[in-house]
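Next come the chains, spelled out residue by residue.
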Amino acid sequence: MSLRIVVCVKYVPDATGDRHFAEDLTTDRESVDGLLSELDEYAVEQALQIADSDEVDDAEITVLTVGPEDAKDALRKALSMGADKAVHVEDDDLHGTDALGTSYVLAKAIEKTGYDLVVCGMASTDGTMGVLPAMLAERLGVPQVTLLSEVSVADGKVTGRRDGDAATEQLEAQLPAVVSVTDQSGEARYPSFKGIMAAKKKPVESLDLDDLDIEAEEVGLEGAWTKVEDVAERPPRTAGTVVKDEGDGGKQLAGFLAERKFV
Ligand SMILES: Cc1cc2nc3c(=O)[nH]c(=O)nc-3n(C[C@H](O)[C@H](O)[C@H](O)COP(=O)(O)OP(=O)(O)OC[C@H]3O[C@@H](n4cnc5c(N)ncnc54)[C@H](O)[C@@H]3O)c2cc1C
């Protein structure tokens, strides 16, 4: 079977760097380095494995991102892992877009690109909401199978395993569909030198809001349904209570826990 796979990947501030909010209370993405969200590397990896599987003989993997100019780095990383082509939705009017707005833009870009399967990560590493896959499935009018630790495609269906606290579920849906995969779905491959060189020649299509027939007031801070009212720096971590064990360390610890009703 032939399969058009679209993988949604997010460009996020490097978590090892100092993350700040800008004056307009959006995340400061200018003065910090960014990278491909680590949880989306698992989404790219699973798309590559589906494409390499025996059931699929002709697959094309498109990686898609909505983000600022530097978000191209996230696409390049995914292309160097083995994806075939990329789509970058970039527009100044997207600044401050909330989850609803991002799902709207992504759905339009996915419909324009054409798809049989959309693969997402379980959550981004900055907004961490974990809502985009469900919002996308709703906007595209297709089923969603989320938080999979194992996924495969055969006979026009996607099937997968979801490991919950209480149970393990085997799930399936007819294509076209949206899936999300967890960080338990298997190690993401490192780009080879050959892959990095090949990625430089792979096509990256740039789209703006006009290309997707989206009005500026539908997205960005203006179109956002959620608004950050205020931001306060988290108080610096305190040293905490140091227990000097002079034979009564256990007693002191039990007292400490009881005082705080932990026990
Ligand atoms: C600290 C912080 C707090 C925020 N709080 C809110 C809030 O409370 N409400 C709100 O509506 N918005 C909020 N946002 C904005 C929101 O993060 C963005 O709209 C984002 O694009 C979608 O949410 P998410 O990052 O949580 O995605 P998630 O729902 O966690 O992402 C799941 C998956 O969707 C895909 N994906 C997500 N974003 C993109 C993208 N830009 N391009 C391509 N694929 C993508 C990836 O596959 C990702 O693994 C916040 C952003 C930040 C940085």
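Scope of this entry: the structure provided in the associated data block. From a predicted model like this one, the values you see are computed outputs, not experimental measurements.

What follows is about the site of the ligand. With respect to spatial proximity, 27 residues lie near the ligand, and among them Cys8, Asp40, Ser124, Gly130 and Val131 are the closest. The backbone of Gly130 places a nitrogen or oxygen atom 2.7 Å from an oxygen atom of the ligand. Leu132 places a polar main-chain atom, nitrogen or oxygen, 2.9 Å from an oxygen atom of the ligand. In the complex, the protein chains occlude 84% of the 920 Å² of accessible area that the ligand would expose alone. Contributions of two or more residues to the shell around the ligand are made by β4 (58-66), α3 (99-113), β6 (117-121) and α4 (132-140).

Glancing now at helix α1 (residues 38-52). Along its 15 residues, α1 runs 22 Å from first to last C-alpha, staying within 8% of the 21 Å computed at 1.5 Å per residue. Among the 15 residues of α1, twelve are classified as buried, and the element is accordingly described as predominantly covered. Leu39, Asp40, Glu41, Tyr42, Ala43, Val44, Glu45, Gln46, Ala47, Leu48, Ile50 and Ala51 are the residues of α1 that are buried.

This part takes up the pattern of salt bridges. Applying the stated criterion across every chain yields a total of eleven salt bridges. Note that Arg4 is salt-bridged to Asp116, the shortest N-O span being 3.1 Å. You can see Arg4 sitting in strand β1 (residues 2-8) and its partner Asp116 sitting in the loop between α3 and β6, a full 112 residues away along the chain. The class for Asp116 is buried, based on a relative accessible area of 18%. A salt bridge links Glu246 to Lys244; its shortest N-O distance comes to 3.3 Å.

For a regular strand, side-chain orientation follows a simple rule: the groups alternate between the two sheet faces. Pairing analysis gives seven bridges linking strand β9 (residues 157-163) to strand β10 (residues 168-174), with the strands arranged antiparallel. Among the inter-strand pairings, Lys157 is bridged to a residue of β10, identified as Gln174. Here β9 folds back onto β10 in antiparallel fashion, the turn holding four residues.

Relative to the assigned elements, Glu222 resides in helix α6 (residues 220-223). What makes Glu222 exposed here is its relative accessible area of 66%. When the C-alpha positions of Glu222 and Asp98 are compared, they lie 10 Å apart, and in sequence the two are 124 residues distant.

This part takes up the side chain of Thr146. Within the secondary structure, Thr146 is located in strand β7 (residues 144-148). Owing to a relative accessible area of 17%, Thr146 belongs among the buried residues under this scheme. Contact partners of Thr146, with chain neighbours within four places excluded, come to Pro133, Arg162 and Ser180.

Cut-offs applied
Residues numbered from 1 in each chain as written. Predicted model: local features only at pLDDT ≥ 70, side-chain atom pairs only at ≥ 80, totals over all residues. Heavy atoms only, no water. Near = heavy atom within 4 Å. Polar contact = N/O pair within 3.5 Å; in protein donor to acceptor, adjacent residues only side chain to side chain. Areas by Shrake-Rupley, 256 points an atom, 1.4 Å probe, with all protein chains shown as cover. Helix = DSSP H or I, 4+ residues; strand = E, 2+ residues; numbered from the N terminus. Expected span 1.5 Å × (residues − 1). Buried < 20%, exposed > 50% of the residue type's maximum accessible area, 1.4 Å probe, protein only. Salt bridge = Lys/Arg side-chain N within 4 Å of Asp/Glu carboxyl O. Pairing = 2+ DSSP bridges. Contact = heavy atoms within 4.5 Å.

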